[in-house]
Amino acid sequence: MKIHEYQAMGIFRDYGIPVAEFETATTPAEARSAAERLGGRVVVKAQVHVGGRGKAGGVRLAEDPAEAERHAADILGMDIKGLTVRKVVVAGAVDFEREFYVGFVVDRASKMPVCMISGEGGVDIEQVAAATPEKIHKLAIDPEEGMSAEQASELAALVEGRPEVAGGIADVILRLYSAFVGSDASLAEINPLVVTSAGEVRAIDSKMNIDDNALFRHEDIAAMRDPSSETEEAKKAREMGLSFVRLDGDVGCVVNGAGLAMTTMDLIKQHGGEPANFLDIGGSSSPEKVVTALEIIAGDSKVRSILINIFGGITRCDDVAKGLVDALDGASIGVPIVARLTGTNEEQARSILARHELFAADTMDEAVEKAIELAGGPA
Ligand code: GDP
Ligand code: MN
């Protein structure tokens, strides 16, 4: 789950990371009074779940409260990469002489949290990563051992020569590691972490993604979910316990289990087709889940056929078949459906489906080929 910058700022502050003083505002007038309380000179920042807000005009420096109000009026309602800005952060402006990048991610290759640090932080970090990857230093941290003060100091010394400043950076690295682990984050990032002319270290941008599977033990973070930043289909899928990812192709997929989802998508590609989505109805399934899954997929105008590929174990094929029949009877799906159901209760499933207009396939290859053909043939 993504959280907003102001929410991550709150978490970072709880862990003792020096973030700027800030308030949030949803109207220009609120931004003005926040700026008055914060001493006048502030930054007004769009709160949307995308990076690169600065470059999109969503981060602006104001010299006084009146200017903060004007900036807020410009930024609120702005569209940044398809998301409408509904809230801004008003933060005390910080003057700085250097910008660093510091972040933690869970690295799949080393299966450990990895700390990344660079002396070339700021808005162009992606460019630095692409053009001069040697300028980004990385260190994998054994989660059983945790991060040591020595590791943090060594990383800080790679980007900053002055010992006192490097000490401040090392302190932030350790606190960021604690915030990352303590919140079950999959990403925690400060870009930029700056050094003021007085040599003080400040975090002026905060970003965090939280592992969905750990939200059950972070009620406070789970409550940070912003429903306005979630699409209708994503919300529907989440509430029904379905894993849904939208892709660019035209063959809609309903499968059970992530492994079968991957295999099905691979097979579609191998046969020259393009999957429109990844939708996993999960291990144990109910007819309602199948109905919801079909509604979500049929709502995508790019979908030209739907492939249902179910391996019945705990998931019973007859349950899926009932869901299919309910969905077909209840509303017109509008696109042809190919079903391949195998395993538990497949005989019952077959007789439930026999009365309905869909293409039943016996093998995965046959099902995939048929679904691609019905979507208009291989690309
Ligand atoms: P992002 O573009 O979404 O990463 O947003 P950031 O919060 O990182 O802001 C973009 C850029 O604006 C930063 O890299 C800074 O260069 C600049 N910026 C942000 N806050 C301040 C501030 O308090 N003072 C100054 N001088 N610049 C700032
Ligand atoms: Mn940034």
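Details of the structure are given in the entry above.
All values derive from a computational prediction rather than experimental measurement.

**What about the coordination of the manganese ion (ligand 2)?**
Around the manganese ion (ligand 2), the protein contributes the donor atoms Asn191 (O) and Asp205 (OD), which lie 2.1 to 2.2 Å from the metal centre. In this pair, Asn191 sits in strand β10 (residues 185–195) while Asp205 sits in the loop between β11 (201–203) and β12 (207–210), placing the two residues 14 residues apart along the sequence. With respect to class, Asn191 is no different from Asp205; both count as buried.

**Thoughts on the site of ligand 1**
By nearness alone, 15 residues border ligand 1, and Lys45, Arg53, Gly54, Val94 and Asp205 come closest of all. The backbone of Gly54 places a nitrogen or oxygen atom 2.7 Å from an oxygen atom of ligand 1. In the model, an oxygen atom of ligand 1 is placed 3.0 Å from a nitrogen or oxygen of the Asp205 side chain. Of all the secondary structure elements, the ones that give two or more residues to the shell around ligand 1 are β2 (42–46) and β10. Partitioned by chemical class, the residues of the shell around ligand 1 number eight nonpolar, three polar and four charged.

**So, the environment of His71**
Residue placement: His71 occurs in helix α3 (residues 65–75). A relative accessible area of 12% means that His71 is categorised as buried. Between the C-alpha atoms of His71 and Arg32, which are 39 residues apart in sequence, the distance is 9.6 Å. Not counting residues within four places of it along the chain, the set of residues in contact with His71 comprises Val44, Arg60, Leu61 and Ala62.

**Considering the sheet that holds strand β1 (residues 22–25)**
Judged by pairing direction, the sheet is antiparallel, and its four strands sit side by side in the order β1-β6-β2-β3 without closing on themselves. Edge strands, defined here as strands with exactly one partner in the open sheet, are β1 and β3 (59–62). Here the average twist between neighbouring strands, direction ignored, is 25 degrees. Relative to β3, β2 runs antiparallel, the two sharing four bridges. From the neighbouring strand, Val43 faces β3, where its bridge partner is Leu61. Here helix α2 (residues 28–37) sits on the sheet and contacts β1, β2 and β6 (88–92); the angle it forms with β1, its principal contact strand, is near 170 degrees.

**A word on helix α6 (residues 163–182)**
Given a rise of 1.5 Å per residue, 20 residues ought to cover 28 Å, and the 28 Å separating the end C-alpha atoms of α6 matches this to within 8%. Where α6 ends, the next residue or the one after it, Asp184, has phi of about 55 degrees, a positive value.

**Brief notes about the nonpolar core**
Ile173 and Met208 are the most contacted members of the largest nonpolar core, which has 40 residues in total. Secondary structure elements with two or more residues in this core: α1 (5–14), β7 (98–107), β8 (112–118), α5 (149–159), α6, β10, β11 and β12. Per-element tally for this core: the top contributor is α6, with 10 residues. In this structure, Ile173 is in contact with Val102, Phe104, Cys115, Ile117, Met147, Ala152, Leu155 and Ala156, ignoring residues within four places of it in sequence. By size, the runner-up hydrophobic cluster in this structure holds 32 residues, among which are Leu242, Ile281, Val303 and Cys317.

**Some details on the environment of Asp248**
Topologically, Asp248 is positioned in the loop between β13 (243–246) and β14 (251–255). Asp248 sits 55 residues away from Val303 along the chain, and the two C-alpha atoms are 9.4 Å apart. The residues contacting Asp248, other than those within four sequence positions of it, are Pro275, Ala276 and Lys302.

**Quick word on the pairing of β2**
Counted residue by residue, β2 has five buried out of five residues, so it is predominantly covered. A two-sided burial pattern is seen for β2, the buried positions comprising Val42, Val44 and Ala46 on one face and Val43 and Lys45 on the other. Relative to β6, β2 is paired through five bridges, and the arrangement is antiparallel. Within β6, the position partnered with Lys45 by the bridge is Val89.

Criteria and thresholds
Residues numbered from 1 in each chain as written. Chains lettered and ligands numbered in written order. Predicted model: local features only at pLDDT ≥ 70, side-chain atom pairs only at ≥ 80, totals over all residues. Heavy atoms only, no water. Donors = N, O, S within 2.8 Å, 3.2 Å for Na, K, Ca; no water. Helix = DSSP H or I, 4+ residues; strand = E, 2+ residues; numbered from the N terminus. Buried < 20%, exposed > 50% of the residue type's maximum accessible area, 1.4 Å probe, protein only. Near = heavy atom within 4 Å. Polar contact = N/O pair within 3.5 Å; in protein donor to acceptor, adjacent residues only side chain to side chain. Nonpolar A, V, L, I, M, F, W, Y, C, P; charged D, E, K, R; others polar. Contact = heavy atoms within 4.5 Å. Pairing = 2+ DSSP bridges. Axes fitted to C-alpha atoms, helices over the stretch in contact; angles between N-to-C directions. Expected span 1.5 Å × (residues − 1). Core = buried A, V, L, I, M, F, W, Y, C linked by side-chain atoms within 4.5 Å.

So yeah, pure geometry; function would need other evidence.
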